[in-house]
Amino acid sequence: MSLVAANQEVYGLLRDGIPVDFDDADGRRQQERVRVISFDLARADENRYLAVTQLWVKGERGFRRPDVLLYVNGLPLVFIELKNSNVRLKNAFDDNLTNYKREIPQLFLTNAFCVLSNAIETRMGSITAGWEHFFVWLRAEDEKEKVDRVAIAREGTSLEAVITGLFPRARLLDYVENFILYYKERDKIIAQNHQFIGVNRAYEQFLRRDALGGRLGVFWHTQGSGKSFSMIFYARKIFRKQKGNFTFVVVTDREDLDGQIYRNFLHTGTVTSAEAAQPKNSEELRRFLGQNKRLVFTLIQKFRWDRGQDYPLLSDRRDIIVIVDEAHRTQYKDLAENMRAGLKNAQYLAFTGTPLLKGGGAGKTKEWFGEYVSEYNFQQSMDDGATVPLFYKKRVPQVQIQNDDLTTDLAEIFEEENLDAAQQEKLENRFAKEIEVIKRDDRLETIAADIVKHFPRRGYLGKGLVVSLDKFTAVKMYDKVQRLWKQRIQELNGEIRDASTHPERERLKKRRDYMRGVEMAVVISGEAEEEERFAREHLDIKPHRERMDRLDAHGHDIEYNFKDPADPLQLVFVCAMWLTGFDAPTLSTLYLDKPMKDHTLMQTIARANRVTSWKIDGKEKKNGEIVDYYNVFRNMKRALRDYAQGQEGHEEMPVREKGALFELLEDAIAQGRAFCASVGIDMDALRQNKEVFKKVALFDDYANTLLASDDRRKGFAVYENTITSLYEACKPEILGQPVVRSVAVFQYLRGVVEGIVEQADIGAVAVRIAELLDESVVVDETSVAREDDPEKFRITQTGKTWDLSKIDFEKLKEDFQTKPHKNIEIADLRAFIEKKLEEMLKQNVSRGDFVTRLQGIIDRYNSGSSSADNHYEELVKFAQDLREETERHLRAGLTEEELELFDLIKKDKMTKDEEQKVRLAAQSLLRRLREGIPPVLVQDWFKDGQSRKRVRSAVEEVLDEQLPKSYDRAVFTEKCNQVFETMLNYAAQGVKWAA
């Protein structure tokens, strides 16, 4: 059983009780559930609560010691890992939580959630969550509460926010009981901060339903914030905490959304397929409501009725809760009135990803549903890291459409893919000229050429959507992009052949290889006689429909392929599908060439704001990009003010022009220059010197300055990382601009420092810098303005080649006095020592004292209590001791493996005779384990209980026979434990002792 499956099973017992059979006082067999935790908030204090720090937990592969565990009634529900504020928080996830789940999995059987903190930042997540899905918790009572993130980071109070907001006893119990889901028994989903607060506010509103006249409010949480799961948390809490025979009716206006929400309820076990229903019409809806189904999923269109006739009563039950998704869309007007008439006594709650605006039916929506019950807007989701920032770029062809009134009406018509007769007539009469302009062949050709130029030259090469006016245009754009894409690959082959420098050739090859690997597709809804309709437009829909319907070799459909970050399907052409309720986290670029407005526009651009940890060519998704060909964003400020910022507004637009990225880059470079100037590095002088990249010696002084302390070197790395990330986000528009040279200077200096400190692969660093310098002079794909030849640019390996056995330590100290760059010499020696010590620790785990000693030497130097000369002398002495350690096995007459066993089983204050016996015991134990018959170390012995017992017995037998009599039972057991646990850890990691 997997860890998540076991966790789900145990969670069910914690939440619902453990079933037991027993005989009562009269001898009759009874069945009851024993509650191990009281979730009755009025009796919350009857539970026992305990926070335990530094508890040793024994697993099958050794002991581990989590920082803090929170227990309720003896059950560890919360895991907390704490780091120093100077340690990246992600290390707690990568190095601690991940290892603990593997090495002491039993600790996580009862785990509700995990918390990671370095004081500056605190995140929480479930045992199945990847790092990108660990979230912040900064608000206690109100999701609209203003949070001063700068002050929290400065004062290190992020953990206090979690303690205040989630760890009061009643809140923790509520969270554990009502805000944990399991999706397909594979993923554990826990509520985020805004979901917990929002759902509880909606629940409190539900408790007051009799006084509200069925108006439960409007739940506005922006796209990408987990709205459908908030619906599930809400329904589950009412089902669990309130007595009654409730039925939820979930209403949407699109079949794909209806299906998605239905599947989410089903796959989280909120309902079974027998308890849920998707009626085909109002008659079937009436029947299901009469059957008291727990969940009914339906489209608002099912409430359509002949004009002039009263809509019939479907049910007069008062225990029906209607959840309406996107309740204020204009097409709801008449249908919503019918729904009200058919379910006149129901309770109504509106869920929406966009707010209610003045006009556009907002007054009617409030009349039907009431005021906001919860708000979580676009801006807040970005501030919390729940979504990535969005930037847009207007790349409008010369043929433009300027009639705003026509555009608004067009946007309403084209929200639907399949137009009815009235809409089609309106298009052909009123909008004939406008449509002709939009679909002009030369205009589409220009856009297709721009996509072919833009898509392969981005920084983060995520997936893309091309949004066209209608189905015909989507297919036409696919055909044009495909033709120009293949043509561009042919052109690249010629440019590669004619390239004058190696970096240029490699850049073009990389571009060509990427383009060769990209697959494209059209995704549009089907309709009757579509082949004939497309044929009349001189288009062939058949191969596209076959691709849309085809399953791959693994049984996955086209939607799955596009959502899979590793799948080659990278660019998809649509007109209405996949624009709402569709999540593909690596989708990073949208190409818009369709009139859009208001909530449809906001929902569409939100497709690019999802968070992902998936790296492409080592680059992370830091933002999403919208390329605007229709000038959709000419009213962007008004739309964003209304739809993204909430009632109070916000000074900064949550979606900004891409030019803002260039400003951010310039600002980051200025801050980087200021930092460098503060430590005596003149980056301007480097940037302005045309010869600087050919003379690496010019960087040595500055590298020496940065290496004066770890804080200084790491500080520079932070600035360089920021500059490089922003540079990648500015592609492709930034290519060929002067600012690229400034980026190159920072990366170059970072490369020199890494060559010393990290003992880095300088070849890889040099290639990266050469590519960057080549990009700095690229004007476009066909013309290159060159001041210098990038092929001449080099980073050389500054560090020495060390051989510990041959070092003349006295000469090393003598030479140090004459070196002009003492910090470089110190960093070089330290890098060698750290690398050597790492190798030695892999040979012998008992050398941990050397690590502690080295850290002390480094800390003294970083604190300023040790001069450069003294520090270097300490490092030289440490290197001498390392050499002695590497030779110790020779002096002892042992191999390295025998020495490690010797170190594990020796004890303090041994006589020479005892020491000899321990040496022989180590040699005998190694022979027994390696060569014994029957074999002891069988394949995967560390995974099987019986095999582990045989290995443990072999260790005990040899040591019991060979160790001196002075080893009493306690010492003997301790040494057996040390040997066995060391072997177990090595084997589990695949290092040695595996078999």
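First, a word on what this report is: a plain description of the structure on this page. Quick caveat, the model's predicted, so the values are computed rather than measured.

1. Section: the overall build of the protein
Point 1. For the protein, the count of helices and strands is 38 helices and 25 strands.
Point 2. A total of 995 residues make up the protein; the buried ones form 55% of that total.
Point 3. For the protein, the computed accessible surface area is about 45000 Å², with 47% contributed by carbon and sulfur atoms.

2. Details of the pattern of salt bridges
Point 1. For the structure shown, the criterion picks out 72 salt bridges.
Point 2. Ionic pairing is found between E143 and R201, a salt bridge with its closest N-O pair at 3.7 Å. Taken together, the residues E143 in the loop between strand 9 (122-125) and helix 3 (149-155) and R201 in helix 6 (residues 193-207) connect sequence positions 58 residues apart.
Point 3. When its relative accessible area of 1% is taken as the criterion, E143 is described as buried.
Point 4. With a shortest N-O distance of 2.6 Å, R240 and E177 are connected by a salt bridge. Separated by 63 residues along the polypeptide, R240 in helix 8 (residues 227-241) and E177 in helix 5 (residues 169-178) bring together distant segments of the chain.
Point 5. By relative accessible area, which is 28% here, R240 ends up partly exposed.

3. Here we look at the sheet that holds strand 8 (residues 113-117)
Point 1. Ordered by their spatial adjacency, 5 strands build an open sheet running 3-6-7-8-9, and the pairing between neighbours is mixed. With partners counted over all chains shown, the strands left at the sheet margins are strand 3 (49-53) and strand 9, one partner each. Recorded for the sheet is a direction-independent mean angle of 20° between the axes of neighbouring strands.
Point 2. One ladder, built from 4 bridges, connects strand 8 with strand 9; its direction is antiparallel. The residue of strand 9 that forms the bridge with C114 is G125.
Point 3. Where helix 2 (residues 90-103) meets the sheet, it contacts strand 7 (75-82) and strand 8, and its direction lies at approximately 150° from that of strand 7.

4. Section: the packing of helix 33 (residues 848-862) against helix 34 (residues 868-892)
Point 1. Taken N-terminus to C-terminus, the directions of helix 33 and helix 34 make an angle of 170°; their axes are 10 Å apart at the nearest point. Relative to helix 34, helix 33 is oriented roughly antiparallel. Across the interface between the two elements, F850, R853, L854, I857, I858, R860 and Y861 of helix 33 pack against A868, H871, E874, L875, K877, F878, D881, L882 and E885 of helix 34.
Point 2. Residues belonging to the contact of helix 33 with helix 34 are distributed by class as follows: 9 nonpolar, 1 polar and 6 charged.

5. Quick word on a nonpolar patch on the surface
Point 1. Among the surface-exposed residues, L13, I18 and V34 lie close enough to one another that they form a single nonpolar patch of about 200 Å² accessible area.
Point 2. Along the chain, L13 falls in helix 1 (residues 3-16).
Point 3. For L13, a relative accessible area of 32% corresponds to the partly exposed category.

6. Some words on helix 31 (residues 809-816)
Point 1. Of the positions making up helix 31, those classed as buried are F809, L812 and F816. Taken down its axis, helix 31 places every buried residue within 55° of arc, on the same side. For helix 31, the exposed residues lying more than 90 degrees away from the buried face are E810 and E814.
Point 2. The opening residue of helix 31 is D808, an N-cap whose side-chain oxygen sits 3.3 Å from the backbone nitrogen of E810.

7. Some remarks on the pairing of strand 2 (residues 29-34)
Point 1. The pairing of strand 1 (residues 18-23) with strand 2 spans 6 bridges and is classified as antiparallel. By the bridge assignment for strand 2, V20 is matched with E32.

8. A short note on the packing of aromatic side chains
Point 1. Across all of its chains, the model carries 40 aromatic pairs by this definition.
Point 2. With a centroid separation of 5.4 Å and 70° between ring planes, the pair formed by F93 and F134 is classed as edge-to-face. Placement of F93 in helix 2 and of F134 in the loop between strand 9 and helix 3 is noted, with a sequence separation of 41 residues between them.
Point 3. Assessed through its relative accessible area of 11%, F93 is described here as buried.
Point 4. In this structure F134 comes out as buried when scored by relative accessible area, which is 1%.

9. Remarks on helix 35 (residues 896-905)
Point 1. Counted residue by residue, helix 35 has 9 buried out of 10 residues, so it is predominantly covered.
Point 2. Within helix 35 the residues assigned to the buried category are E896, E898, L899, E900, L901, F902, D903, L904 and I905.

10. Notes on the sheet that holds strand 21 (residues 519-522)
Point 1. Ordered in space as 21-22-20-23-24-19-25, the 7 strands form an open sheet in which the pairing is parallel. This sheet does not close on itself; its edge strands, each paired only once, are strand 21 and strand 25 (655-657). Averaged over all pairs of adjacent strands, the angle between strand axes in this sheet comes to 20°, irrespective of strand direction.
Point 2. Contacts between helix 17 (residues 441-454) and the sheet are confined to strand 20 (463-467), strand 22 (569-574), strand 23 (587-592) and strand 24 (624-628), with strand 23 contributing the most and set at about 160° to the helix.
Point 3. The strands touched by helix 23 (residues 598-605) within the sheet are strand 19 (390-394), strand 23, strand 24 and strand 25, with strand 23 carrying the most contacts at an inclination of about 140°.

11. As for the packing of helix 4 (residues 158-166) against helix 5
Point 1. Interhelical geometry of helix 4 versus helix 5 gives an angle of 80° and a closest axis separation of 7 Å. Viewed along their axes, helix 4 and helix 5 adopt a mutual orientation that is roughly perpendicular. Between helix 4 and helix 5, the residues in contact are T164, G165 and L166 and R171, L172 and Y175, respectively.
Point 2. In terms of residue class, the contact of helix 4 with helix 5 is made up of 3 nonpolar, 2 polar and 1 charged.

12. A word on the pairing of strand 8
Point 1. With respect to burial, strand 8 is a largely interior element, 5 of its 5 residues being buried.
Point 2. The alternating pattern of strand 8 places F113, V115 and S117 on one face and C114 and L116 on the opposite face, and all of these are buried.
Point 3. Note: strand 7 against strand 8, 5 bridges, orientation parallel. Bridge pairing in strand 8 places V78 opposite F113.
Point 4. Regarding topology, helix 2 serves as the crossover connection from strand 7 to the parallel strand 8, and that connection is right-handed.
Point 5. As consecutive antiparallel partners, strand 8 and strand 9 are separated by 4 residues, and within that stretch A119 has a phi angle of approximately 75°, a positive value.

13. Focus: the side chain of K594
Point 1. Relative to the assigned elements, K594 resides in the loop between strand 23 and helix 23.
Point 2. Given a relative accessible area of 3%, K594 falls into the buried group.

14. Describing the environment of T272
Point 1. Among the structural elements, T272 can be located in the loop between helix 9 (255-267) and strand 14 (276-277).
Point 2. Residue classification places T272 among the partly exposed positions, given a relative accessible area of 42%.
Point 3. C-alpha separation for the pair T272 and L295, spaced 23 residues apart in sequence, amounts to 9.3 Å.

15. Structural notes on the environment of F93
Point 1. Considered as a pair, F93 and S117 are 24 residues apart in the sequence and their alpha carbons are 10.0 Å apart.
Point 2. Each residue touching F93, except ones within four places of it in the same chain, is listed here: T98, L116, A129, G130, W131 and F134.

16. Examining a negative patch on the surface
Point 1. A contiguous patch of negative charge on the surface is contributed by D479, E529, E531, E532, D540, E546 and D549.
Point 2. Secondary structure elements with two or more residues in the negative patch: helix 20 (530-536) and helix 21 (542-549).
Point 3. Relative to the helices and strands, E529 is located in the loop between strand 21 and helix 20.
Point 4. E529 sits in the exposed class, given a relative accessible area of 61%.

17. Some thoughts on unusual backbone geometry
Point 1. The omega torsion of the bond from K731 to P732 falls at 0°, within 30 degrees of zero and hence cis.
Point 2. Between I933 and P934 the backbone carries a cis peptide bond, its omega angle lying at 0°.
Point 3. Within the secondary structure, P934 sits in the loop between helix 36 (912-931) and helix 37 (945-962).
Point 4. The backbone phi angle of Q54 is positive, close to 55°, even though this residue is not glycine.
Point 5. Residue N73 is not a glycine yet carries a positive backbone phi of 55°.
Point 6. Relative accessible area serves as the criterion here: at 29%, N73 is assigned to the partly exposed category.

Each value, and the rule that gives it
- Numbering of residues begins from 1 in every chain and follows the order in which that chain's sequence is written.
- In view of the model being predicted, local features appear only for residues whose pLDDT reaches at least 70, and side-chain atom pairs are presented and counted only at 80 or more, with totals across whole chains, interfaces and linings using the full set of residues.
- For the side-chain quantities, the full set of heavy atoms in the structure was used; hydrogens and water were omitted.
- Counting from the N terminus, the helices are DSSP H or I runs at least four residues long and the strands are E runs at least two residues long.
- Classification of residues uses two cut-offs on accessible area relative to the type maximum, computed with a 1.4 Å probe and protein chains only: under 20% is buried, over 50% is exposed, and between them is partly exposed.
- For the accessible areas, the method is Shrake-Rupley and the probe is 1.4 Å, while residue cover comes only from the protein chains on display.
- Whenever a carboxyl oxygen of Asp or Glu lies within 4 Å of a side-chain nitrogen of Lys or Arg, that contact is scored as a salt bridge.
- Pairing between strands is defined by DSSP: at least two bridges between the two strands are required.
- Simply put, an axis is a line fit to the C-alpha atoms, just over the touching stretch for a helix, and the angle between two N-to-C directions goes from 0 to 180 degrees.
- Only heavy atoms matter for contacts: two residues are in contact if any of them lie within 4.5 Å across the pair.
- Roughly parallel means an angle under 35 degrees; roughly antiparallel means over 145; roughly perpendicular covers 65 to 115; every other angle is labelled oblique.
- Polarity classes work like this: nonpolar for Ala, Val, Leu, Ile, Met, Phe, Trp, Tyr, Cys and Pro, charged for Asp, Glu, Lys and Arg, and polar for all others, with Gly in that last group.
- Patch definition: residues above 30% relative accessible area lacking any salt bridge, with like charges linked at up to 9 Å and the nonpolar side chains Val, Leu, Ile, Met, Phe, Trp and Tyr linked at up to 5 Å.
- The directions considered for the arc are those from the helix axis to the C-beta atoms.
- Pairing of N or O atoms within 3.5 Å defines a polar contact, subject to two protein rules: one partner must be a possible hydrogen donor and the other a possible acceptor, and residues neighboring in sequence count only if both atoms are side-chain atoms.
- Any pair of Phe, Tyr and Trp rings, taking the six-membered ring for Trp, is counted once the centres come within 6.5 Å. Such a pair is stacked with planes under 30 degrees apart, edge-to-face with planes over 60 apart, and tilted for the rest.
- When the strands point away from the viewer and the path from the first strand over the helix to the second turns clockwise, the crossover is right-handed.
- Only four residue types enter the charge count, namely Lys and Arg as positive and Asp and Glu as negative; His and the chain termini do not.
- Charge coordinates come from a single atom per side chain, which is NZ of Lys, CZ of Arg, CG of Asp or CD of Glu.

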